[in-house]
Amino acid sequence: VPALTPGGTKPSYVRAKKMGLLIAEGDVRFTSDDVPIIFHDATYTDNGVTHVIADETYAQFMTYDIGAAYSPAFAGTYGLTLEEFLDLCNDLQLAPTIEFKVGTTQQINDCLDIIDAKRVKVFNYKASVANLKTIIDHDPYASVRLGSDNYSAQLLSDITEIVGYGNQTHTTHCIYATYGVWT
């Protein structure tokens, strides 16, 4: 609920639960030391300096007061790791959906191991075609989705590739395709 709270933070998920929502999306990015964090954008600006998340260590990222950058009312609100997001979803009884904004095969597999260790059932995953294949290889029953800013031949090709991926006698993954304009 980013219009009312700083998105991807504990207050946003608590607010979502209070509003009666049942699903929480976490956008996963990786710090330079490969810590999966929940943050939508590739960069953040702190005191007039723009930082690239992938170039910052986890410790550096955690000095960024997301809440204060959003509104003084949320000062002292910092980012979440993937593990913290999953724990929060569990505590609030929200079904997590995860969008991997970026990630190598190893980073995605490491995240899937974290999810398995937490014994969390992810509602669905959104990622690139390559990363969706990694997810399906790990969990043939995963619900996956592709997203695009426009309806295109490439989106149709990507959908076809994912639908046909995997051992069809064992794979029953669910495919969603979404497109639209985000503001």
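Residues numbered from 1 in each chain as written. Predicted model: local features only at pLDDT ≥ 70, side-chain atom pairs only at ≥ 80, totals over all residues. Heavy atoms only, no water.

**Quick notes on a negative patch on the surface**
What counts is decided by this rule: Patches draw on residues past 30% relative accessible area with no salt bridge. Two like charges within 9 Å are joined, as are two nonpolar side chains (Val, Leu, Ile, Met, Phe, Trp, Tyr) within 5 Å. For accessible areas, the Shrake-Rupley method is used with a probe of radius 1.4 Å. Any residue's cover is judged against the shown protein chains and nothing else. Just to be clear on terms, a salt bridge is a Lys or Arg side-chain nitrogen sitting within 4 Å of an Asp or Glu carboxyl oxygen. Residues scored as charged are limited to Lys and Arg (positive) and Asp and Glu (negative), so that His and the chain ends carry no count. We put the charge of a Lys on NZ, of an Arg on CZ, of an Asp on CG and of a Glu on CD. Helix and strand definitions here come from DSSP, where helices need a minimum of 4 consecutive H or I residues and strands a minimum of 2 consecutive E residues; each element is numbered from the N-terminal end.
Together, Asp33, Asp34, Asp110, Asp113 and Asp116 give the surface a local cluster of negative charge. Of note, Asp34 is situated in the loop between β1 (23–30) and β2 (36–38).

**Notes on the pairing of strand β4 (residues 49–52)**
As a reminder, the rule being used: Any two strands are treated as partners once DSSP identifies two or more bridges connecting them.
Across 4 bridges, the pairing between strand β3 (residues 43–46) and β4 is antiparallel. Across the sheet, the residue bridging to Asp46 is Val49, located in β4. Between β3 and β4, which pair antiparallel one after the other, the connecting turn spans 2 residues, and Asn47 there sits at a positive phi close to 55°.

**With respect to the pattern of salt bridges**
Formally: Note on exposure labels: buried denotes an accessible area under 20% of the residue type's maximum, exposed denotes more than 50%, and partly exposed covers the range between, all computed with a 1.4 Å probe on protein chains only.
Under the definition given, this model contains 6 salt bridges. Here Lys121 ties to Asp139 by a salt bridge, and the two come within 3.9 Å at their closest N and O atoms. In this pair, Lys121 sits in the loop between α5 (105–118) and β7 (124–126) while Asp139 sits in the loop between α6 (129–138) and β8 (143–148), placing the two residues 18 residues apart along the sequence. Residue Lys121 is classed as exposed on the basis of its relative accessible area, which comes to 56%. Taking relative accessible area as the criterion, Asp139 reaches 22% and is therefore assigned partly exposed. A salt bridge links Lys133 to Glu161, with the nearest nitrogen and oxygen atoms 2.5 Å apart. Here Glu161 lies in helix α7 (residues 153–163) and Lys133 lies in helix α6, a separation of 28 residues in the sequence. Overlapping salt bridges bring together Glu99, Lys101 and Lys126 as one network.

All we've got here are geometric facts, nothing functional implied.
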